[in-house]
Amino acid sequence: QAQLVESGGGLVQPGGSLTLSCAVSGILFRTFDMAWFRQAPGKQRELVASISAGNTPAVVDSMKGRFTISRDNAKNTVYLQMNSLKPDDTAVYYCNAHVTFSAVEYWGRGTQVTVSS
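First things first, this report covers the structure right here in the doc. The structure presented is a predicted model; accordingly, all values stated were derived computationally and were not measured.

What counts and what doesn't
Residues numbered from 1 in each chain as written. Predicted model: local features only at pLDDT ≥ 70, side-chain atom pairs only at ≥ 80, totals over all residues. Heavy atoms only, no water. Salt bridge = Lys/Arg side-chain N within 4 Å of Asp/Glu carboxyl O. Buried < 20%, exposed > 50% of the residue type's maximum accessible area, 1.4 Å probe, protein only. Core = buried A, V, L, I, M, F, W, Y, C linked by side-chain atoms within 4.5 Å. Helix = DSSP H or I, 4+ residues; strand = E, 2+ residues; numbered from the N terminus. Disulfide = S-S within 2.5 Å.

### Here we look at the pattern of salt bridges
Thinking step 1. One pass over the structure, following the stated rule, counts 4 salt bridges.
Thinking step 2. Here Glu-46 makes a salt bridge to Arg-38, at a shortest N to O gap of 2.7 Å.
Thinking step 3. Using a relative accessible area of 35% as the deciding quantity, one classes Glu-46 as partly exposed.
Thinking step 4. The partner of Asp-61 in a salt bridge is Lys-64, and the shortest N-O contact between them spans 3.1 Å. Across the pair, exposure class does not vary: Asp-61 and Lys-64 are exposed alike.

See below:
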């Protein structure tokens, strides 16, 4: 059974940094495309960044230059490095594992990121 467990969230001041981790088990991690989504209060869940099974990263335009996604197949873990955080980045951040063009998809439970002074 797939398990995705996010960690690294918390309270950070504007301009600060956080690194989120998502530890994955129960699936063949290296064959899955991975992604980070976020959902702010009262808003729809939105894509933040993705990284393919072949290790090709992509970050949503509005977050390029501040967020970096990476994966470590030896540790079955995907990361989201977030710099220059803004109050608008406050959200629950979710880890997602999927096989593109298929219905196979798994989600973590999320980790809260709060950016506030």
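### Describing the nonpolar core
Thinking step 1. Formed by 30 residues in total, the largest nonpolar core has its most connected members in Met-34, Trp-36, Phe-67, Val-78, Leu-80, Met-82 and Tyr-93.
Thinking step 2. Put simply, the parts of the chain that give this core at least two residues each are β3 (18–25), β4 (33–39), β5 (46–51), β7 (67–72), β8 (77–82), β9 (91–98) and β11 (111–115).

### What to know about the state of the cysteines
Thinking step 1. For the structure shown, the criterion picks out 1 disulfide.
Thinking step 2. A disulfide bridge connects Cys-22 with Cys-95, and the sulfur atoms are separated by 2.1 Å. One quick way to see it: the torsion about the S-S bond of Cys-22 and Cys-95 is about -85 degrees, and its sign makes the bridge left-handed. Taken together, the residues Cys-22 in strand β3 and Cys-95 in strand β9 connect sequence positions 73 residues apart.

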